[in-house]
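Listed below, chain by chain, are the residues.
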Amino acid sequence: MTPGVRPFVAGNWKMNGLSASLGEIEAMRRAADAGEAGEAELAVCPPATLLAQAAWKIRGGKLSLGAQDCHPEPSGAFTGDISAPMLKDAGATYVIVGHSERRTLHHETDALVRAKAEAALKAGLTAIVCVGETKEERQAGDAIAVVTRQLKGSLPPGGGPDSVVVSYEPVWAIGTGLTPTPKDVTEMHGAIRTLLGEIYGPGGSKLRILYGGSVKPGNCRDLLTLDNVDGALIGGASLKAAEFLAIAAAYR
Ligand code: PGA
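Model, not experiment: these values are computed from the prediction. (Residues numbered from 1 in each chain as written. Predicted model: local features only at pLDDT ≥ 70, side-chain atom pairs only at ≥ 80, totals over all residues. Heavy atoms only, no water.)

Visitor: Can you walk me through the site of the ligand in this structure?
Guide: Neighbouring the ligand are 13 residues; Lys14, His99, Gly175, Ser214 and Gly236 lie closest to it. A distance of 2.7 Å separates an oxygen atom of the ligand from a polar atom in the side chain of Lys14. Within the contact set of the ligand, an oxygen atom lies 2.8 Å away from a backbone nitrogen or oxygen of Ser214. In the complex, 97% of the free accessible area of the ligand, which totals 280 Å², lies under the protein chains. In this structure the site holding the ligand corresponds to the second largest pocket. Of the residues assigned to the shell around the ligand, the class counts are four nonpolar, seven polar and two charged. (Near = heavy atom within 4 Å. Polar contact = N/O pair within 3.5 Å; in protein donor to acceptor, adjacent residues only side chain to side chain. Areas by Shrake-Rupley, 256 points an atom, 1.4 Å probe, with all protein chains shown as cover. 1 Å grid on protein atoms, 1.4 Å probe; cavity = no way out; pocket = protein on both sides within 12 Å on 5 of 7 lines; lining within 4 Å. Sits in = over half its atoms within 2 Å of the grid points. Nonpolar A, V, L, I, M, F, W, Y, C, P; charged D, E, K, R; others polar.)

So this is what it looks like as structure tokens:
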């Protein structure tokens, strides 16, 4: 945790969820409104198809809504893509950019991720910028160098604590049940904090730095209370409100 920084716990549903899943979002909203996550802000990032309906379910409440990706352009001939202003219009306040599944499966580069983050800021969304090393990169001792390079290439200019969130997600920890040691997480988040200061100046000390990758109710307390860990981005364990809220309860 970082003194003076409000923790943030976000669920990334990935390509999961039909309208039948909206009940989970309603349960998250009730918990957020009841303060079940203490001081922490809660957000859910369902697939784009559910955004507008989810926005309706959470209106007037304390649960925040995010999307999982956006196009760098605000509109145009880009069949199948969704722009940041469209996400904002549908009710989102956050958008994840540069998730490793997009970097890998859609060959997204740091430059593209930065363009998406810039588009998000322009639309009034907060960008959750994801970075993280592969297993090979960690084994070669390059984890911090890789994440530093990704951040330098992906963070939008002019960002600050209200417009940018960083999520450190080691690729090898996503969906595998594996997590880095508390020492490795502390070391990485400390390096990210230093870099954020270099890039954004004093505002960098207040930016939220999330950890993501196999966060579960059983390991959340160990991970989420470390220095410079200001919350979590949760995949699989965010699909059910009960599991998601059991993790967020680490901040109660
Ligand atoms: P996981 O995914 O919690 O299922 O490991 C995290 C993520 O990809 O954001």
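Visitor: What is the right way to look at the packing of aromatic side chains in this model?
Guide: Here a ring pair, both rings aromatic, is described through the centre-centre distance and the interplanar angle of the planes. Scanning all chains against the criterion turns up two aromatic pairs. Taken together, a centroid distance of 4.7 Å and an interplanar angle of 25° make the contact between Phe8 and Tyr94 stacked. Taken as a pair, Phe8 in strand β1 (residues 8-12) and Tyr94 in strand β4 (residues 94-97) lie far apart in primary sequence, 86 residues in all. Of the two residues, Phe8 and Tyr94, both sit in the buried class. Over the face of the ring belonging to Trp56 we find Arg59, whose NZ or CZ atom lies 4.0 Å from the ring centre. Sitting above the plane of the Phe8 ring, Arg208 keeps its charged end 4.6 Å from the centroid. (Phe/Tyr/Trp six-rings, centres within 6.5 Å; stacked < 30°, edge-to-face > 60°. Helix = DSSP H or I, 4+ residues; strand = E, 2+ residues; numbered from the N terminus. Buried < 20%, exposed > 50% of the residue type's maximum accessible area, 1.4 Å probe, protein only. Lys NZ or Arg CZ within 6 Å of the ring centre and 35° of its normal.)

Visitor: Explain the packing of helix α7 (residues 143-154) against helix α8 (residues 182-200) to me, please; I cannot follow it from the model alone.
Guide: A pair of packed helices is captured by two measures, namely the crossing angle of their axes and the spacing between those axes. Direction vectors running N to C along α7 and α8 enclose 30°, while the axes themselves pass 10 Å from each other. Note on packing geometry: the crossing formed by α7 with α8 is right-handed. In this structure, α7 uses Ala143, Ile144, Val147, Thr148, Leu151 and Lys152 to contact α8, whose residues at the interface are Glu187, Met188, Ala191, Ile192, Leu195 and Ile199. By residue class, the composition of the contact of α7 with α8 is nine nonpolar, one polar and two charged. (Axes fitted to C-alpha atoms, helices over the stretch in contact; angles between N-to-C directions. Left-handed = near helix turned anticlockwise from the far one by under 90°. Contact = heavy atoms within 4.5 Å.)

Visitor: I would appreciate a short explanation of the nonpolar core in the present structure.
Guide: Grouped burial of nonpolar side chains is what soluble globular proteins tend to show. Residues Leu42, Val166, Ile192 and Leu224 are the most contacted members of the largest nonpolar core, which totals 68 residues. Ala10, Ala43, Cys45 and Tyr94 belong to the second largest nonpolar core, which has 11 residues in total. (Core = buried A, V, L, I, M, F, W, Y, C linked by side-chain atoms within 4.5 Å.)

Visitor: What is the right way to look at the environment of Tyr94 in this model?
Guide: Relative accessible area serves as the criterion here: at 5%, Tyr94 is assigned to the buried category. Along the primary structure Tyr94 and Gln139 are separated by 45 residues, whereas in three dimensions their C-alpha atoms are 33 Å apart. Setting aside residues up to four positions removed in sequence, Tyr94 forms contacts with Phe8, Glu41, Ser64, Leu65, Gly66, Ala67, Leu125, Thr126, Ile128, Val165 and Arg208.

Visitor: Mind showing me how you'd approach the pattern of salt bridges here?
Guide: If charged atoms from side chains of opposite charge come close, those side chains can pair. Under the defined criterion, the tally for this structure stands at 13 salt bridges. Arg29 is the salt-bridge partner of Asp33, the closest N and O atoms lying 2.8 Å from each other. In this pair, Asp33 and Arg29 both sit in helix α1 (residues 22-33), four residues apart, roughly one turn of the helix. One salt bridge in this structure joins Asp69 and Lys116, with 2.7 Å as the shortest N-O distance. Placement of Asp69 in the loop between β3 (64-67) and α3 (84-90) and of Lys116 in helix α5 (residues 110-122) is noted, with a sequence separation of 47 residues between them. Across this residue pair, the class does not change: Asp69 and Lys116 are buried. In this structure, a network of salt bridges that share partners links the residues Asp69, Arg102, Glu108 and Lys116. (Salt bridge = Lys/Arg side-chain N within 4 Å of Asp/Glu carboxyl O.)

Visitor: Just to check I follow, could you spell out the layout of surface pockets for this structure?
Guide: Over the atoms, a rolling probe the size of a water molecule traces out where space has been left empty. In this structure, the largest pocket spans a volume of roughly 550 Å³. Taken together, 21 residues form the lining of the largest pocket, with Lys14, Gln68, Asp69, Arg102 and His106 sitting closest to its centre. Top contributing element to the lining of the largest pocket by residue count: helix α4 (residues 100-105), with three residues. Per-class residue counts for the lining of the largest pocket are 10 nonpolar, six polar and five charged. (Points joined across faces, edges and corners; volume = space filled by probe spheres on them.)

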